[in-house]
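Here is how the chains run, residue by residue.
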Amino acid sequence: MALEELSKLVEDGETEDAQELAGKLLKDGADPLEMIAEMTRTMARVGDLFSKLEIFLPEIMLAGEALSGVVAVMTPYLDAVGGQEVKGKIVIGVVKGDLHEIGKNIVKLILETNGFEVKDLGYNVDPLTFIKEAEAMGADFIGASSLMTTTMPRQKEIIEILKSKGIRDQYKVVIGGAPTSQMWADQIGADLYCQEAKSAPELLANLMSS
Ligand code: B12
């Protein structure tokens, strides 16, 4: 199946071939959101191979680059999904100590193309910076991504700082990233856990109106 072929190219870090195939599939009507979901599973598999020492860091880097390349090809196709009215404002970033930015970049893209105003804070973002930027933007949401068990506590720190400043109620805190979960969100008192980028626009919009 074509998506499996694309997965294999991403896994092998074959950026150009992956981009070419992705372009062809999208032209033929493939759903970009479905493609993202499949590629997220592919990267989880790549991570497992890395944990088992079957592949090493350079291979993960190449797979990451290939995925970013595919996301770039996808962008115009996601635009077609977009809406017009501003549904909410969000600052989004990857927490301090964490450089894994591909998922966050996808969430940003999907939110933007679905009518959200997004300020991208990048990666390795200090908890206080999330809050300062949210204040400066007048954001409705603070979105924090973490891809490592070692950096998940930074998501909690954001919420703790909001509480200590007495401004917890001013922002909805949304968390995501492969090792995070609904249980973790409940534990730290986040307003929303998002397992995948695809569902983010609807879940955020619901939260805005609740
Ligand atoms: C690619 C990758 C890298 C690349 C990152 C490239 C880049 N520019 O981002 C590189 C090579 C740099 C890298 C480095 C390292 N990595 Co790495 N990496 C990965 C890998 C294979 C894939 C991550 C990815 O891009 N996934 C694809 C995206 C699309 O998925 P996602 O991020 O989960 O995002 C989706 C959802 O979660 C959601 N989402 C994500 N964030 C948010 C936020 C919000 C607000 C919302 C609404 C939704 C949302 O939407 C996205 C789309 O649906 C993961 C394995 C895995 N299981 O994820 C390991 C993994 C995360 N890495 C790991 C490790 C150990 C490292 C290193 C420490 C390795 C080393 N020895 O140096 C370094 C750490 C660097 C650092 N300080 O951050 C471990 C972490 C283990 C742990 N402690 O938890 C993992 C799990 C691999 C493993 N199984 O061992 N890595």
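Residues numbered from 1 in each chain as written. Predicted model: local features only at pLDDT ≥ 70, side-chain atom pairs only at ≥ 80, totals over all residues. Heavy atoms only, no water.

Let's talk about the nonpolar core
And step 1. Counting 27 residues, the largest nonpolar core has Leu6, Val10, Met35 and Val70 as the members making the most contacts within it.
And step 2. At the level of elements, helix H1 (2-11), helix H2 (15-27), helix H3 (32-51), helix H4 (57-79) and helix H5 (102-112) are the ones that each hand at least two residues to this core.
And step 3. No other element matches H4, which puts seven residues into this core.
And step 4. Not counting residues up to four positions away in its chain, the partners in contact with methionine 35 are Leu3, Leu6, Ala22, Leu25, Leu26, Ala30, Val70 and Met74.
And step 5. Residues Ile131, Ala144, Tyr171 and Tyr193 belong to the second largest nonpolar core, which totals 24 residues. (Core = buried A, V, L, I, M, F, W, Y, C linked by side-chain atoms within 4.5 Å. Buried < 20%, exposed > 50% of the residue type's maximum accessible area, 1.4 Å probe, protein only. Helix = DSSP H or I, 4+ residues; strand = E, 2+ residues; numbered from the N terminus. Contact = heavy atoms within 4.5 Å.)

A look at the coordination of the cobalt atom of the ligand
And step 1. Among all protein atoms, only His100 (NE2) binds the cobalt atom of the ligand, sitting 2.3 Å from it.
And step 2. With respect to the element layout, histidine 100 can be found in the loop between strand E1 (88-95) and H5. (Donors = N, O, S within 2.8 Å, 3.2 Å for Na, K, Ca; no water.)

Focus on the domain arrangement of the protein chain
And step 1. If you check the domain split of the protein chain, you get domain 1 (2-79) and domain 2 (88-209).
And step 2. For domain 1 and domain 2, the distance between their C-alpha centres works out to 24 Å.
And step 3. The interface is formed by ten residues belonging to domain 1 together with seven residues belonging to domain 2.
And step 4. With both chains or domains summed, domain 1 and domain 2 bury close to 800 Å², and 81% of this area falls on carbon and sulfur atoms. (Domains from an automatic or database assignment. Buried area = accessible area lost by both parts, 1.4 Å probe.)

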